[in-house]
Amino acid sequence: IFPALKSALSEISDRSGRRPSRKQAPRAEGAAGRRRAQPCQKEPARGSPRPGSSQRKQAERRRQREELGEQGRSSAERTFEGRRKRDGRASLKEQRAPPKKEKEVPRKEEMWKRPKKHRSPSLASSASGGESLSEEELAWILEQVEDRKKLIATMRNKPWPMTKKLRELREAQEFVEKYEGALGKGRGKRLYAYRMLVAKKWVKFKRDFDNFKTQCIPWEMKIKDIESHFGSSVASYFIFLRWMYGVNLVLFGLIFGLVIIPEVLMGVPYGSIPRKTVPRAEEEKAMDFSVLWDFEGYIKYSALFYGYYNNQRTIGWLRYRLPMAYFMVGVSVFGYSLMIVIRSMASNSQGSASDGESANFTFSFKMFTSWDYLIGNSETADNKYASITTSFKESIVDEQESNKEENIHLTRFLRVLANFLIICCLCGSGYLIYFVVKRSQEFSKMQNVSWYERNEVEIVMSLLGMFCPPLFETIAALENYHPRIGLKWQLGRIFALFLGNLYTFLLALMDDVHLKLSNEETIKNITHWTLFNYYNSSGWNESVPRPPLHPADVPRGSCWETAVGIEFMRLTVSDMLVTYITILLGDFLRACFVRFMNYCWCWDLEAGFPSYAEFDISGNVLGLIFNQGMIWMGSFYAPGLVGINVLRLLTSMYFQCWAVMSSNVPHERVFKASRSNNFYMGLLLLVLFLSLLPVAYTIMSLPPSFDCGPFSGKNRMYDVIQETIENDFPTFLGKIFAFLANPGLIVPAILLMFLAIYYLNSVSKSLSRANAQLRKKIQALREVEKSHKSVKGRKTAQDSEDTAKDASKNATQLQLTKEGTTPHSASQNETPDKKAQDPGTSSSASGTMLPASRHLSIARPPGARPDSGPARPQTHPWRSASRKSAQRPPH
Amino acid sequence: MGLILCSLVSHSQITRLYSRFTSLDKGENGTLSREDFQRIPELAINPLGDRIINAFFPEGEDQVNFRGFMRTLAHFRPIEDNEKSKDVNGPEPLNSRSNKLHFAFRLYDLDKDDKISRDELLQVLRMMVGVNISDEQLGSIADRTIQEADQDGDSAISFTEFVKVLEKVDVEQKMSIRFLH
């Protein structure tokens, strides 16, 4: 049965797939080629190349079979030893066989047949040890190569279109080049073998390299592990975290390599100028831990913050323009982030659009293809079991959601109520923050304030961040959304909360900055006066110049930029600590408590009230996004912030992976993460834009401090560009820049950009509409087909018997004439038909593949089937093959 | 018999497989028993492992010799790129796509009636997910699967339907075992 099916199938695929090219093939090769191609195609059907030689080969084969089968293992071993000896030759032949990828049909068929034919007797001859076959093969290749050469020579005369000519020519040349080497004696042959060997090794290397690349993806195993236990939604957080880590690494490299390192290596050292020295008043406490913890003291006057940098135009022997570099790095941090976020959004949406079709067979795919046959490790297998279970659960949830029906009015009411409550919460927290910030401004004016009063803002914000999201989640339970949509709502709400917090924080900061700026003028005067008095004071020997004032004694301004940087630094660190402590207390200790107190408690802790914590996806994602916003805002004023953030992300990767695996349980309703995490990315983009605003505002409209930072002494920070253009570029470039900055040019450019955006947007909209319509059409077509088939199903089952006979008759004719077509469905139906005829043989036949009877089954009329090979697989094939070749007249 | 073998696997592969065969053969009698197979980790942990092992054994026998071993293993051999293109008439290699699919199909088709019924699906599901999903849900999964795949309305999956479902899936990749290389 099985061989019959297969040969029928291959026959079909041959007929249907190759027919068009066959038409052109004979023309290509001329009449001679056609004559030669025919016997070659017939050969496999008969199972032996030539009637005459078939007898000899069968005898050989029979002898080998007897050896293998009857003498048992010892002889088999002997055969393989013999084979190993001949390995060199064999592998050469082996290698020659596979790379024959040709488009033209007769060529291809021949070539495919040849290796089959030759490889097979090569095994047979391994018992008898004949060398002639290799020569035969060489002769064949020689013939082929000659053929190709002739084709190349006569190519001009062929009445083909030019594209076809070119294609044929290229193919033929490739072939000649490839196989000519094999024909040459000595060096050419060895070169050919060597080339094949290299090609094979290259394939293997590529595969190994791919494996290696997969292994190099950081934390891939950890994330897969989590994904298999907790589902794709939790894993999506970790993937996002990893992505974020990558982005921050790049930012870190940018800032560290272009700003911090040059400053440390080439800038004037610590203690040489006032801005790089701890003031006298702070000196004694500057090394205390409590001071350092607040990023005051020595840390404040280090390269981590804006104020440390000098406004010298160039530093070191490289004449590195540090202020310029500082500015450009600040801009490019934003530029790079914008680009990478948008690019990753675009690539995500491309990925999601391409595989819409597979949604038709969700369950079938999971059912039939979920197991990975390459798994050989029991731990991996456990994970695979877990992930299969999880994916089924996810699909069930999706399925249930899609056909759920409920009271629409109640749901609406509840949703409105929930939104109302949440808006109340948001307003309340916004007011609380405003209040606290106002108070902290008062505290900052007072002298001795306690630790709590100093850190009140941070504490309140952290507490809000800790308690509001669970509150929102509780309220959101009213709404009864699908978890995936619910997650988005939740994310949006917490986003609003955090946004409120952030902006209140920023406003407070701005007040502070303006206060400091207003004081700056007086401080500047004081500084001038101090220096003036110092140098002009009486009672000093005029002939000897006074040693300069010690930098620690110079009075200096408050340097608002560093103050802003310190605020962001503090916020980031406190945020990190709060996150870790929450995880430790809320997840780990809770899990320990539940796990170990369960033995001696009144009720079941694991199933009852405290239970284990679930992983809070929304909170974690937003925490990450806002943290990133903080980094973007702060990195201009505190270059070291990105370094801290890289550390934070790194530790949080390991820490959270551990916490999730050790103390969390999978969500009750595991749901599949939306295929693209564009929602996260969208939020990130929004935060990026929002954090760009304050930075741009401060750069554009606030004057830099007069005595600290790389831009001190300038009117605005961006003046550094103008300065560079004027001093370092040729004048005409300066003119060009001035011309480009003309509003008359910028406004049209912006208008043009808007038009382009509008146009592209409308184009993409119409395309996606067309896409959706096409998909709908396919779906509809499929439905129609389904219903059509179910009606017709029985009818075709009845007809199949007749068509099967026709089909096999057709097949017979095909074997003889090599023309015409085979009805598709008919020869496919052949299989069950035959099965019905002799059920006894079917089971044993299906287990064994019989090469010879495979060739027979088509050519033979259906009536002659019952006594054919499959019943006695050990002895039959060869006998029936020989009978076959006897039955059929040679062509 | 030599003819099939060497059309399926390369020479060095046969020798390597033969040494693998002998190392698996604890009874040292030139045949493998079911217990021998269960020592292969890939099969031991596979939820369908028992069925795959069964596929090695011809009906009613509990020993398999090297040839039978090779014949079944050939299904798992990856299709190499250069083999894909030459799928024309004549003997189709055992590791072709349709043969791989048929092999897989027979793993699911327990009663060998060329249809995968709901009960057969349920059995496989239970093997794959264990007790983590309730029977009711398993039933709905099986129903959904059949509903998706079934085209002629007989509430079972035939081989053609099976092929149709897996049209887009890379069976060649999924049903390949690396130890043949």
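Residues numbered from 1 in each chain as written. Chains lettered and ligands numbered in written order. Predicted model: local features only at pLDDT ≥ 70, side-chain atom pairs only at ≥ 80, totals over all residues. Heavy atoms only, no water.

Asks: I tried to follow the overall build of chain A on my own but got confused; where do I start?
Replies: When helices and strands are counted, chain A shows 30 helices and two strands. Sequence separation of at least 24 residues holds for 76% of the intrachain contacts in chain A that already meet a minimum separation of 6. Carbon and sulfur atoms provide 63% of the accessible area of chain A, an area that totals close to 46300 Å². (Helix = DSSP H or I, 4+ residues; strand = E, 2+ residues; numbered from the N terminus. Contact = heavy atoms within 4.5 Å. Areas by Shrake-Rupley, 256 points an atom, 1.4 Å probe, with all protein chains shown as cover.)

Asks: What exactly am I supposed to notice about the packing of aromatic side chains here?
Replies: Each aromatic ring pair is specified by the distance between its two centres and by the angle formed by the two planes. Applying the stated rule across the entire model yields 39 aromatic pairs over all chains. Centroid distance B:Tyr18 to B:Phe66: 4.7 Å. Interplanar angle 85 degrees. Geometry classified as edge-to-face. In this pair, B:Tyr18 is assigned in helix H2 (residues 11-24) and B:Phe66 in helix H6 (residues 66-73), connecting sequence segments 48 residues apart. Note on accessibility: B:Tyr18 and B:Phe66 belong to one class, buried. An aromatic cluster of three or more residues is present, and its members are A:Tyr306, A:Tyr308, A:Tyr309, A:Tyr326, A:Phe327, A:Trp560, A:Phe636, A:Tyr637 and A:Phe711. A cation sits over an aromatic face here: A:Arg595 above A:Phe596, 5.8 Å from the ring centre. For B:Arg34, the ring lying beneath its charged end belongs to B:Phe57, and the centroid distance is 4.4 Å. (Phe/Tyr/Trp six-rings, centres within 6.5 Å; stacked < 30°, edge-to-face > 60°. Buried < 20%, exposed > 50% of the residue type's maximum accessible area, 1.4 Å probe, protein only. Lys NZ or Arg CZ within 6 Å of the ring centre and 35° of its normal.)

Asks: Would you mind going over the side chain of B:Asp36 with me for this structure?
Replies: Tracing the backbone through its elements, the reader meets B:Asp36 in helix H3 (residues 34-38). Take B:Asp36: its relative accessible area is 5%, and that puts it in the buried class.

Asks: I would appreciate a short explanation of unusual backbone geometry in the present structure.
Replies: Residue and element names in this part refer to chain A. Notably, tryptophan 219 is not glycine yet its phi reads approximately 60 degrees, a positive angle. Along the chain, the position of tryptophan 219 falls in the loop between helix H8 (187-216) and helix H9 (220-230). One non-glycine residue, phenylalanine 295, adopts positive backbone phi at about 60 degrees. For phenylalanine 295, the location among the structural elements is in the loop between helix H11 (289-293) and helix H12 (297-300).

Asks: Can you walk me through the state of the cysteines in this structure?
Replies: Here is the idea: a disulfide is a covalent bond, and it sits between the sulfur atoms of two cysteines. Residue and element names in this part refer to chain A. A complete count under the given rule lists one disulfide over all chains for this structure. Here cysteine 559 is linked by a disulfide to cysteine 708, with a sulfur-sulfur distance of 1.9 Å. One quick way to see it: the torsion about the S-S bond of cysteine 559 and cysteine 708 is about 95 degrees, and its sign makes the bridge right-handed. Of this pair, cysteine 559 sits in the loop between helix H19 (483-536) and helix H20 (560-597) while cysteine 708 sits in the loop between helix H23 (678-701) and helix H24 (719-728), placing them 149 residues apart in sequence. Comparing cysteine 559 with cysteine 708 shows no difference in burial state: the two are buried. No disulfide involves cysteine 425; its nearest neighbouring cysteine sulfur is the one of cysteine 468, lying 6.0 Å away. (Disulfide = S-S within 2.5 Å.)

Asks: What should I look at first to understand a nonpolar patch on the surface in this one?
Replies: All names here are of chain A. On the surface, Phe289, Trp293, Leu577, Ile581, Leu585 and Leu589 cluster together into a nonpolar patch covering about 630 Å² of accessible area. Put simply, the parts of the chain that give the nonpolar patch at least two residues each are H11 and H20. At four residues, the largest contribution of residues to the nonpolar patch is made by H20. Secondary-structure assignment places isoleucine 581 in helix H20. (Patch = residues over 30% accessible without salt bridge, like charges linked within 9 Å, V, L, I, M, F, W, Y side chains within 5 Å. Salt bridge = Lys/Arg side-chain N within 4 Å of Asp/Glu carboxyl O.)

Asks: Mind showing me how you'd approach the environment of A:His528 here?
Replies: All names here are of chain A. The residue histidine 528 is located in helix H19 in this model. Residue classification places histidine 528 among the exposed residues on the basis of a relative accessible area of 54%. It is 9.0 Å that separates the C-alpha atoms of histidine 528 and proline 555, two residues lying 27 residues apart in sequence.

Asks: How should I be thinking about the nonpolar core in this particular structure?
Replies: Grouped burial of nonpolar side chains is what soluble globular proteins tend to show. Core analysis: the biggest nonpolar cluster contains 100 residues, and A:Phe238, A:Phe240, A:Phe568, A:Leu622, A:Phe636 and A:Met717 have the highest contact counts within it. Residues B:Leu125, B:Ile133, B:Ala142 and B:Ile146 belong to the second largest nonpolar core, which totals 31 residues. (Core = buried A, V, L, I, M, F, W, Y, C linked by side-chain atoms within 4.5 Å.)

Asks: I tried to follow the pattern of salt bridges on my own but got confused; where do I start?
Replies: As a working rule, side chains carrying opposite charge can pair if their charged atoms are close by. Counted under the stated rule, the structure contains 19 salt bridges over all chains. Salt bridges here are not isolated pairs; linked through shared partners, they connect A:Arg313, A:Arg321, A:Lys714, A:Glu723 and A:Asp728.

Asks: What exactly am I supposed to notice about the side chain of A:Glu479 here?
Replies: Residues and elements named next belong to chain A. Within the element layout of this structure, glutamate 479 appears in the loop between helix H18 (456-476) and H19. At 2.7 Å, the side chain of glutamate 479 and the side chain of arginine 493 are in polar contact. With near-sequence residues (within four places) excluded, glutamate 479 lies in contact with Thr411, Arg415, Ala418, Asn419 and Arg493. (Polar contact = N/O pair within 3.5 Å; in protein donor to acceptor, adjacent residues only side chain to side chain.)

Asks: Honestly, the confidence of the model for chain A in this entry has me stumped. Any pointers?
Replies: The predicted coordinates should not be examined in detail at positions where pLDDT is low. All names here are of chain A. For chain A, mean pLDDT is 72; residues scoring 70 or higher make up 67% of the total. Contacts for the low-pLDDT stretch residues 353-357, under 50 throughout, to residues beyond four places or in other chains number five contacts. For residues 807-891, every residue scores under 50 in pLDDT, and the model assigns this stretch 126 contacts once sequence neighbours within four places are set aside. (pLDDT = per-residue confidence, 0-100.)

Asks: How should I be thinking about the packing of H18(A) against H19(A) in this particular structure?
Replies: Packed helix pairs are specified by the crossing angle of their axes together with the interaxial distance, meaning the distance between the axes. All names here are of chain A. Across the interface, H18 lies against H19 with an axial gap of 10 Å and an inter-helix angle of 155 degrees. As judged from the angle between their axes, H18 and H19 are roughly antiparallel. In this structure, the crossing between H18 and H19 has a hand that is right-handed. Along the contact surface, H18 presents Met461, Leu464, Gly465, Cys468, Pro469, Phe472, Glu473 and Ala476, while H19 presents Gln490, Arg493, Ile494, Leu497, Phe498, Asn501 and Phe505. Per-class residue counts for the contact of H18 with H19 are ten nonpolar, three polar and two charged. (Axes fitted to C-alpha atoms, helices over the stretch in contact; angles between N-to-C directions. Parallel < 35°, antiparallel > 145°, perpendicular 65-115°, else oblique. Left-handed = near helix turned anticlockwise from the far one by under 90°. Nonpolar A, V, L, I, M, F, W, Y, C, P; charged D, E, K, R; others polar.)

Asks: What am I meant to see in the environment of B:Arg126 here?
Replies: Residue and element names in this part refer to chain B. Note that arginine 126 resides in helix H9 (residues 118-129). Judged by relative accessible area, arginine 126 falls into the partly exposed class, the value being 39%. Each C-alpha atom of the pair arginine 126 and proline 47 lies 9.2 Å from the other, and the pair is 79 residues apart in sequence. Ignoring sequence-local partners within four residues, the contact set of arginine 126 consists of Asp135 and Leu138.

Asks: Before we go on, may I ask you to explain helix H14 (residues 362-369) of chain A in this structure?
Replies: Three- or four-residue spacings in an α-helix give side chains the same orientation, since the helix completes a turn every 3.6 residues. The buried fraction of H14(A) amounts to seven of the eight residues, a majority that puts the element mostly inside the structure. For H14(A), the full list of buried residues reads A:Phe363, A:Ser364, A:Phe365, A:Lys366, A:Met367, A:Phe368 and A:Thr369.

Asks: I would appreciate a short explanation of the environment of B:Phe57 in the present structure.
Replies: Residues and elements named next belong to chain B. If you trace the backbone, phenylalanine 57 turns up in the loop between helix H5 (49-56) and strand E2 (64-65). Given the relative accessible area of 8%, phenylalanine 57 is considered buried. The spacing of phenylalanine 57 and leucine 32 is 25 residues in sequence and 9.5 Å in space, taken between C-alpha atoms. In this structure phenylalanine 57 touches Leu32, Ser33, Arg34, Phe37, Asp62, Gln63 and Val64, once residues within four positions along its chain are discounted.

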